[in-house]
Number of protein chains: 2
Amino acid sequence: MSRTTLKDIAEKAGVSVTAVSRALSGYPDIGEETRGRILRIAEELNYQPNIAARTLVTQKSGVMGLFVLGRAKGEGFSHPFSGQVINGFLDELAEDGYDMMVFKANRPPDSDNSSYMDLCRRRMVEGAFLMGLRTDDPWLSDLTASAIPIVTMDMPLAGDMTFSVGCDSVSAVHAAIRHLADLGHRKISIVNGYKEASVSLERFEGYKSALSDLGLPFDPAIVAEADFTAAGGKQAFLSMIDRAPDVTAVFASSDLMALGVLEGARERGLRVPEDLSVVGFDNIEMAAMSSPPLTTLDQPRYELGQTAARMLTAACNGETPPSRVLLKANLIARGSTAEPRKSKT
Amino acid sequence: MSRTTLKDIAEKAGVSVTAVSRALSGYPDIGEETRGRILRIAEELNYQPNIAARTLVTQKSGVMGLFVLGRAKGEGFSHPFSGQVINGFLDELAEDGYDMMVFKANRPPDSDNSSYMDLCRRRMVEGAFLMGLRTDDPWLSDLTASAIPIVTMDMPLAGDMTFSVGCDSVSAVHAAIRHLADLGHRKISIVNGYKEASVSLERFEGYKSALSDLGLPFDPAIVAEADFTAAGGKQAFLSMIDRAPDVTAVFASSDLMALGVLEGARERGLRVPEDLSVVGFDNIEMAAMSSPPLTTLDQPRYELGQTAARMLTAACNGETPPSRVLLKANLIARGSTAEPRKSKT
DNA sequence: TCAACTTACTTAAACGTTAAACCTAATAAG
DNA sequence: CTTATTAGGTTTAACGTTTAAGTAAGTTGA
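Residues numbered from 1 in each chain as written. Chains lettered and ligands numbered in written order. Predicted model: local features only at pLDDT ≥ 70, side-chain atom pairs only at ≥ 80, totals over all residues. Heavy atoms only, no water.

Asks: Sorry, what's going on with the overall build of chain A here?
Replies: For chain A, the count of helices and strands is twelve helices and twelve strands. For 345 residues, the compact-globule estimate of 2.2 N^0.38 gives 20 Å, and the C-alpha radius of gyration of chain A, at 26 Å, exceeds that figure by more than 25%. Overall, the C-alpha framework of chain A stretches about 90 × 40 × 35 Å when taken along its three principal axes. The buried share of chain A, taken over its 345 residues, is 55%. (Helix = DSSP H or I, 4+ residues; strand = E, 2+ residues; numbered from the N terminus. Rg over C-alpha atoms; globule rule 2.2 N^0.38 Å. Buried < 20%, exposed > 50% of the residue type's maximum accessible area, 1.4 Å probe, protein only.)

Asks: Looking at this structure, I do not really get the packing of helix H1 (residues 6–13) of chain B against helix H2 (residues 17–24) of chain B. What am I missing?
Replies: A packed helix pair is summarised by two numbers, namely the angle formed by the two axes and the spacing between the axes. Residues and elements named next belong to chain B. Where H1 meets H2, the axes come as close as 8 Å, and the angle between the chain directions of the two elements is 105°. By the angle between their directions, the pair H1 and H2 is classed as roughly perpendicular. Residues Leu 6, Lys 7, Ile 9 and Ala 10 of H1 pack against Val 17, Val 20, Ser 21 and Leu 24 of H2. By residue class, the composition of the contact of H1 with H2 is six nonpolar, one polar and one charged. (Axes fitted to C-alpha atoms, helices over the stretch in contact; angles between N-to-C directions. Parallel < 35°, antiparallel > 145°, perpendicular 65-115°, else oblique. Contact = heavy atoms within 4.5 Å. Nonpolar A, V, L, I, M, F, W, Y, C, P; charged D, E, K, R; others polar.)

Asks: What is the right way to look at the protein's contact with DNA strand D in this model?
Replies: In the vicinity of DNA strand D, 25 residues are found, and the nearest of them are Ser 21 of chain A together with Ser 16, Thr 18, Gly 31 and Thr 34 of chain B. Across the atoms of DNA strand D situated within 4 Å of the protein, the share located in sugar and phosphate is 63%. Between DNA strand D and Leu 6 of chain A there is a distance of 2.8 Å, counted from a phosphate oxygen to a backbone nitrogen or oxygen. Val 57 of chain B is positioned with one of its backbone polar atoms (N or O) 3.4 Å from a base oxygen of DNA strand D. (Near = heavy atom within 4 Å. Polar contact = N/O pair within 3.5 Å; in protein donor to acceptor, adjacent residues only side chain to side chain.)

Asks: It is not clear to me how the interface of chain A and chain B should be interpreted in this structure. Could you clarify?
Replies: Where interface size is given, it is often the accessible area lost as the parts come together that is meant. Contacts between the two partners involve 50 residues from chain A and, on the opposite side, 50 residues from chain B. Broken down residue by residue, the surface that chain A buries against chain B is led by Arg 121, Arg 122 and Met 289 of chain A, which jointly contribute 15%. At the junction of chain A with chain B, the criterion picks out four salt bridges. Of the charged contacts, one joins Asp 91 of chain A and Lys 104 of chain B as a salt bridge, the two residues approaching to 2.6 Å between their closest N and O atoms. Run the count over chain A and chain B and you get 18 residue pairs in polar contact (both at pLDDT 80 or more). For the side of chain A that touches chain B, the class distribution of residues is 22 nonpolar, 15 polar and 13 charged. (Buried area = accessible area lost by both parts, 1.4 Å probe. Salt bridge = Lys/Arg side-chain N within 4 Å of Asp/Glu carboxyl O.)

Asks: How do you make sense of the nonpolar core when you look at a structure like this?
Replies: The nonpolar side chains of a soluble globular protein tend to be buried, and buried together. In this structure, Phe 89 and Phe 129 of chain A together with Phe 89 and Phe 129 of chain B are the most contacted members of the largest nonpolar core, which totals 159 residues. When neighbours within four sequence positions are excluded, Phe 129 of chain B is seen to be in contact with Met 64, Gly 65, Leu 66, Phe 67, Phe 89, Leu 93, Met 100, Val 151, Ala 308, Ala 309 and Leu 312 of chain B. Counting 40 residues, the second largest nonpolar core, distinct from the first, contains Leu 130 of chain A together with Val 63, Val 125 and Leu 133 of chain B. (Core = buried A, V, L, I, M, F, W, Y, C linked by side-chain atoms within 4.5 Å.)

Asks: What should I look at first to understand helix H3 (residues 32–44) of chain A in this one?
Replies: An α-helix turns once every 3.6 residues. As a result, residues three or four positions apart point the same way. Residue and element names in this part refer to chain A. An ideal rise of 1.5 Å per residue puts 18 Å on 13 residues; H3 measures up with 18 Å between its terminal C-alpha atoms. Residues of H3 that are buried: Thr 34, Arg 35, Ile 38, Ile 41 and Ala 42. Seen end-on, H3 carries its buried residues on one side only, within an arc spanning 135°. Of the exposed residues in H3, those oriented more than 90 degrees away from the buried face are Glu 32, Glu 33 and Glu 43. Against the buried residues of H3 lie helix H1 (6–13) and helix H2 (17–25). (Expected span 1.5 Å × (residues − 1). Arc of directions from axis to C-beta.)

Here it is, written out as C-alpha cells:
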C-alpha cells in the first residue's frame, strides 16, 4: 500500500540511500555487483521515483503546460483541429520524458484566477504550449515577457522566450486561389475568420497577393468575415452571395466555415461544384465526408504538434530553436471545385 | 528571477516560516496584525507556493490524471465528442483546486512504457479519468484493482475504487426507435459501433427491447456494425441497404456514423428523409449542419465531464459516490426523420 | 615504499513546505 | 493568589530526492 522509497531499497540492499539513487541513475561509481542487487530489489519492490521530491531538489518538474484558450464553445478543445495536434505534443514530449498538464483559460483575467505564469510557477512548469491565442488577448503582454519558453500555435509573438509554429498560410492560400483561377474562376470570394486570429490576417494577405499575382481584381464586396464555425460561415456566405451573385468560387479560411458555405449554397439552390466551387482550410475528418467532398488545404496537425514539442523541449534545454517554424499546407483537390459552368460578365 | 519562498516572506516580516505558512493557510492562531503584514508582503513579492514541496509533505498532489485511450486515429482526443467533456472536467476540478495531467495510452502494454498506475504513482496522481476504454483493453484487470479512484466514461467497471458516468443508452435508443416507429417506420436498421465499446452493447440492447416493446420484428440482417467513424458508417450502411433495400429508417450509434449513412444514402440515390430516415447519437456540432440536419440523441457532454469530476473529487476525499451515474440523452428531432413515403411489404 | 590516485561507497545538506510539539506572556477561573 | 487556559507564536522534524563533500581501502607510479 505505502509507496516504496529509496530508503526501503537501501535497507534491503544494505547500502546507503545515495548509493541506490546513483545506481538507479546509472552513475558509474557503483560497483557492478552492488548495482545489480539494487536494480533487482527496485524491480522486485516495483519502485517508482517520487517526482515531487525530485522536482524539489532539481528544480525541474518535467512538466509542460498546455493552455487552451477560447472564450466560445466550439473553440479550444472542441475544435476538430486540436486533437491530432495534442497527440503530436504528447508523443514527442514522451520521447524526452516530459508529461503535460492542461490548463483552460477562458475566463477574463480580471477575475481572481491566477495568470498563466502564476500557474506555471506553482507547478514549476518548464514550458508551455498556447493554443487559440488571439491578438486581443489581454494576457499578451505578460506572455512576451515570459520567464519560461512558450510555443504558440498559429500566432507569432515578440519576446525571446516565445516561439511559434503554424502553417504557411500565405503560400497555402496562394495555392488555393491559383487552383481556382486555373479552373477558370475570375470572381473568387473569401470567407475569412475573425481578425483577432493572426491566421486570418495571413490568409487575407495570401488571398490579396494571389489575386494580384493572377491579375484578378480585388473586390471588398466579396470579402466576408465569420467566426471559424460552420454556422457563422454559412451566414457570412449567404449575405455575401446575396450581395454578389456573380461569385463562382469561395475560399473559406476553415473547413467548418467551408461546410457552412456548402450548406448555404444548398439553401440558395446553388449546386457545388457546378454553380459554385468551394475550398476550405484544415482538412478535418469531415471534409472528406461532405457532399461533395471538400477541396481543402491539409494542415499536418500531428506534425505541427510534434514540431512544437521539439521546439519547446529544445528551448527548455538551453538551445535556441528558430523563433518561428512554418510547415506546408498541401492542397487536396476533391469534388467541391470544378470549372465554372456559366460565364458571367 | 528566483522564486520567492516562505522564508523570504518570513525574513521580511520578522516571523518564523511556520507563522507565514499558517497565516497564508488561514489558521486562526496568527494575530490579525501579523497576518495582515504577512499577506501584504506575500502579495508584494507575488508569492506562489511551491506545490512540489507541498505535495511532498502532504502526500497529496492536487493532480488528477486524464487517460485518453484509443489505438486508431480519430479516436481519443480527435473525437469531436471529447472536447466539451474535458472542459467539464477542467471547470469542475478547478472548483476544488485540482489540476489535470494528460496521459496518452495508445501503445500496447507489452512495450516498456509504464502502466497506468506506475505513471500515477510517480506523479502522485490522486485520481483518474479514463476515456475511450474498451472491453478488450489489456489493462482492464489492473484498473479494477486500482489503488486510486478512477472514473471511466461510458464503461462501467467492477472494483470498489472505480466509478463510471455515461448516458442512459438503453432508454435513449428506446426513445429514438419509438420516434421512428411513431412516424410509421416498421423496418428500422441499426448501424452500431464495435462490440468492444460497452455502449454498443447497451445501444443494441435498447434497440432490441424497443423493437419488442413496439411489436416490431427483430431482423439480424439489418443489424450492421462499424467503427464509430463516418467512413465506417457509410460502408456498413451500404452493404446493409444493398442486402435489405426495404429498410426505411436507420438508427446509427454515433453522429459520425449517421453522417456516413447520409452520405451513403446520397450515393445510392436515396433521399433523406423522404426515402430514408436517419437518427444519430451524440449531437456533435456537425449534426445540426448536415443536409438535412440530423435527428439525434443529445449527450450533455459538458455535464458528463462535470459529473465525472465531481465523483472523482468526492471519491478522493473519502466519500463514496454511486458507482455508476447515468445522465439522460434527449432526442432532438431535426430534418433527417419523417414519415416513410413508400409503403413496402 | 610512500605519496598519489582510483574505486566504491557514506555522510551531510539542501530543496520548500506542513504539522506536531513546545514555549511564553497575558488573561480567566476558582 | 495560584492554577488553567488561551492567544500568538517558535522550534523541530519530516516528506523523498539529489548532490557536494568526504572517507577508507586497494592500486598504481617512481
